[in-house]
Amino acid sequence: MTDWGAGTQPITESPLPTVLPGSQARERALNWPDPPEEIHPEIVWGPNWNQKTYRIHLPRAGSFRCSETKLGFEVRAAVTIQYGYDSWDRRLSAAEKQQWMVASPLFDIWVEPAGAMTAIHLPHFLCLAGAVVDVSHLQVARFVDCGMTLESPTQVRPFHAVLENPSFSPIGVLWKQIYSKLFPPVHTLVLLYRSSQAADITLHLYLIPRDRSIAQAIEDNEMKYQSKRVRKPSKSKPLYFGSCSFVSSPSSIEVIPKELEFCNMAAHCLDPDMEIYTRDLGDKLELSWWRRMSSNVSGRQL
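Residues numbered from 1 in each chain as written. Predicted model: local features only at pLDDT ≥ 70, side-chain atom pairs only at ≥ 80, totals over all residues. Heavy atoms only, no water.

A word on the overall build of the protein chain. Regarding its fold elements, the protein chain presents 4 helices and 26 strands. With 302 residues in all, the protein chain has 46% of them scored as buried. Carbon and sulfur atoms form 51% of the exposed surface of the protein chain, whose accessible area is close to 15400 Å². (Helix = DSSP H or I, 4+ residues; strand = E, 2+ residues; numbered from the N terminus. Buried < 20%, exposed > 50% of the residue type's maximum accessible area, 1.4 Å probe, protein only. Areas by Shrake-Rupley, 256 points an atom, 1.4 Å probe, with all protein chains shown as cover.)

For the structure shown, the criterion picks out 9 salt bridges. Where aspartate 89 meets lysine 97, a salt bridge forms, and the shortest distance between an N and an O atom there is 2.6 Å. Aspartate 89 sits in the partly exposed class, given a relative accessible area of 37%. The exposure class assigned to lysine 97 is partly exposed, which follows from its relative accessible area of 30%. Between arginine 229 and glutamate 219 there is a salt bridge, and its shortest N-O distance comes to 4.0 Å. (Salt bridge = Lys/Arg side-chain N within 4 Å of Asp/Glu carboxyl O.)

If you look at the biggest cluster of nonpolar residues, it comprises 58 residues, and the most contacted ones within it are Leu58, Phe73, Ile81, Tyr83 and Ile109. If we ignore the near neighbours within four places in the chain, the residues touching leucine 58 are Ile39, Phe64, Phe73, Val75, Ala78, Val79 and Ile81. Counting residues in hydrophobic clusters, the runner-up holds 8 residues, among them Leu191, Tyr206, Ile208 and Ala215. (Core = buried A, V, L, I, M, F, W, Y, C linked by side-chain atoms within 4.5 Å. Contact = heavy atoms within 4.5 Å.)

Spatially, β2-β5-β6-β10-β15-β14 is the arrangement adopted by the 6 strands of the open sheet, whose pairing is mixed. Edge strands, defined here as strands with exactly one partner in the open sheet, are β2 (37-39) and β14 (155-156). The pairing of strand β5 (residues 62-66) with strand β6 (residues 72-75) spans 4 bridges and is classified as antiparallel. Paired with phenylalanine 64 across the bridge in β6 is phenylalanine 73. (Pairing = 2+ DSSP bridges.)

Right, let's get into the environment of glutamate 254. For glutamate 254, the location among the structural elements is in strand β22 (residues 254-256). Residue classification places glutamate 254 among the partly exposed positions, given a relative accessible area of 44%. In this structure the C-alpha to C-alpha distance between glutamate 254 and threonine 278, which are 24 residues apart in sequence, comes to 6.5 Å. Sequence-distant contacts of glutamate 254, defined by excluding residues within four places in its chain, comprise Glu275, Ile276 and Tyr277.

Before going further, it helps to spend a moment on the packing of aromatic side chains. For the structure on display, the rule yields 6 aromatic pairs. Between tyrosine 54 and tyrosine 83, the aromatic rings sit 5.9 Å apart at their centres with planes inclined by 25°, giving stacked as the arrangement. With tyrosine 54 in strand β4 (residues 52-58) and tyrosine 83 in strand β7 (residues 79-85), this pair connects stretches of sequence that are 29 residues apart. What makes tyrosine 54 buried here is its relative accessible area of 2%. (Phe/Tyr/Trp six-rings, centres within 6.5 Å; stacked < 30°, edge-to-face > 60°.)

Bringing helix α4 (residues 212-224) into the picture now. The terminal C-alpha atoms of α4, which comprises 13 residues, lie 18 Å apart, in line with the 18 Å expected from a rise of 1.5 Å per residue. Listing the buried residues of α4 in full gives Ser213, Ile214, Ala215, Ile218, Asn221 and Glu222. Looking one or two residues past α4, glutamine 226 carries a phi angle of roughly 60°, positive in sign. (Expected span 1.5 Å × (residues − 1).)

Once that is clear, we can look at the environment of cysteine 66. Here cysteine 66 is to be found in strand β5. Residue cysteine 66 is classed as buried on the basis of its relative accessible area, which comes to 0%. Measuring from C-alpha to C-alpha, the distance between cysteine 66 and proline 41 comes to 6.7 Å, with 25 residues separating the pair along the chain.

Summing up the model confidence of the protein chain, the mean pLDDT is 81 and the portion of residues at 70 or higher is 78%. Here residues 1-32 scores under 50 on pLDDT; set against residues more than four positions off or in separate chains, the count is 65 contacts. (pLDDT = per-residue confidence, 0-100.)

Take unusual backbone geometry next. Generally, phi is negative for residues other than glycine and the peptide bonds are trans, each holding for most cases. In this model, glutamate 112 is joined to proline 113 through a cis peptide bond whose omega is 0°. Residue position: proline 113 is located in the loop between β9 (107-112) and β10 (117-123). Along the chain, isoleucine 256 connects to proline 257 via a cis peptide bond; the corresponding omega equals -10°. Mapped onto the elements, proline 257 comes out in the loop between β22 and β23 (260-261). In the Ramachandran plot, asparagine 165 falls in the positive-phi region, its phi being about 50° despite a non-glycine side chain. Tracing the backbone through its elements, the reader meets asparagine 165 in the loop between β15 (160-164) and β16 (171-176). Backbone geometry at glutamine 226 places phi at a positive 60°, although glycine is not the residue there.

Where burial is concerned, most of β16 is hidden: 5 out of the 6 residues are buried. As judged from the 3 bridges shared by strand β8 (residues 100-102) and β16, these two strands associate in the antiparallel manner. Within β16, the residue paired with methionine 101 across the bridge is tryptophan 175. With 5 bridges connecting them, strand β12 (residues 138-144) and β16 associate as antiparallel partners. What sits directly across from glutamine 139, in β16, is leucine 174.

Dropping the structure here:
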């Protein structure tokens, strides 16, 4: 159990959503459920096993959610859907990266027959609970031959942006930051791996948005070096971009860097955000992850 100590406080649950001016329909949509029926996709590898995509066959009309990517689909008839991750960093121009904050993975999606899908539910990692935000800043981006096009989502839900009657090219969710004064916090993941190629005990820590495309890229890269995933509760409390955090332990550890800033980026580097070294393993190694909030800190036990 974590000892919070003087001058610190535990991270508390977020209150209900608060939404700035916008339609009542959008505000109600924040509380609507996400697609209920979960589907486990088939994994399809490209030539030379260098590209992974997913494929599902939906036998009837209904509402479905992919267990791997959390993409949601509403379909009017039987349909085959194949999809995979694309790269924001490759698609966005330098000017667009200044104007827009990435808020979801970028997907490539193929549908056969094309007219069978009535709506797509794109998973985003913005925390719309407890933050005063204007959801009109949330836009669905598609990339076509002439560049990026933008559409307002039909609905904004706690973990998805819904677009009805979609057409498909690389597609994802962006937050318009250039005119926005109020930024929502971001749902995050803390990933921990033990290196098998370093002296003593070396842990690689990653702090990322709850973006499964980034998490999968990190997993694939760590597996190349035969690292082992340290299983622990990976979900952490939402953070604002620009917030700082650090790791502490009752054991003797060395952490590089000592403090980590949570950054907004179109592509996460595959190098660890932090490396943790220790010789003092014993029966267990207890780590606590802390975030700074003004002059105080709050944390959780890893």
